Amino acid sequence: MSDRIKSEVKKTSIGGQALIEGIMMKGPDKIATAVRKPDGEIVVKESKIKPLFKHKFFKLPIIRGSFVLIDSLVSGVKELMYSAEFFGDDYEEDAIDKFLKKVFKDKADTAIIYASVIIALFFSVGIFILGPTFLTNFLKNIVKSTFFLNFIEGVIRVGLFVLYVYFVSKLDDIKRVFMYHGAEHKTIYCYEHKEELVVENARKYSTLHPRCGTSFMINVMLISIIVFSFFGWPNPLMRFIIRIGTLPLIAGLSYELNKYVGKQDSDNFLVKIITFPGFMIQKITTKEPDDSMLEVAIKAMERVIPQNGEDDTW
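Thresholds applied
Residues numbered from 1 in each chain as written. Predicted model: local features only at pLDDT ≥ 70, side-chain atom pairs only at ≥ 80, totals over all residues. Heavy atoms only, no water. Helix = DSSP H or I, 4+ residues; strand = E, 2+ residues; numbered from the N terminus. Buried < 20%, exposed > 50% of the residue type's maximum accessible area, 1.4 Å probe, protein only. Core = buried A, V, L, I, M, F, W, Y, C linked by side-chain atoms within 4.5 Å. Contact = heavy atoms within 4.5 Å.

**A look at unusual backbone geometry**
Step number 1: Even without being a glycine, Glu21 presents a positive backbone phi close to 55°.
Step number 2: The residue Glu21 is located in the loop between β1 (15-19) and β2 (22-26) in this model.
Step number 3: In this structure, Ile62 takes a positive phi of about 75° despite not being glycine.
Step number 4: Secondary-structure assignment places Ile62 in the loop between β4 (42-48) and α2 (63-84).
Step number 5: On the basis of relative accessible area, Ile62 is assigned to the partly exposed category, the value being 29%.

Structure below.
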């Protein structure tokens, strides 16, 4: 990449999410979701951002990380459901969705969104937080160092996550979602480098981006090793309480780390070290998109770029 292009990099806060045959982009004041329908037409939906947590307290460094995560999960699930509506024959409602629609009626869609987030958090905590500490406990009579017990727990946690994304990536539908994920990153890079948002320009960029949610998840797991080590290796009940209780702190630290990386030069040596683990996993969670997917990503990006002087930088 030329020095000219490097010098023009814009540190934007715009981010996105891959959906079912589509992409959601989130700008400073609105969200745009572009979906390619089965007939090939691209439809774009815009909506104003309505934060769940509006008080200044929720915007304080470290504290904001957990609330940004929850807010992103809610908006992400909402847009995912929207994209799925265009493929109703292929994506049928499950028993939980049918139950919630029966109970909540007109408020069913909102109930489904929050139920989906709660269930996702429940399984994530169970599998990737509590599961590894349970497995590592079998080694406590062999490994005497509490630091190494926490380190082993962290290795198991990362290993489970990598195995999960690897096997999920083999599913045909998820392969396409990961291709759209790559299109999202390429389009954001194109915008950050102040190039015209056209397929030819976006195509040349990497599918790996330092502000990716995958990198955030890996940062959470790595930072948890350090945080949990401060508490030793107490009994199972105390470990459960500590791991749940410190999750907001870990999420907050991970968010600030991602935010820091997003502001720095990609050639910075420290940034390269920080982003390396996330980039390795992104090689699984992002794939090279085709031109039609880049077109969808560009359509979404164009709608969230500030037009009236609003600031979209970090």
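**Let's talk about the nonpolar core**
Step number 1: Within the largest apolar cluster, 28 residues are counted, with the highest numbers of intra-cluster contacts made by Met25, Leu197 and Met301.
Step number 2: Where this core is concerned, the elements lending two or more residues are β2, β3 (30-36), α6 (172-192), α7 (199-203) and α12 (291-304).
Step number 3: In terms of residue count, the dominant contributor to this core is α6 (nine residues).
Step number 4: Ignoring anything within four residues of it in the chain, the contact list for Leu197 reads Thr187, Cys190, Tyr191, Ile298, Met301, Glu302 and Ile305.

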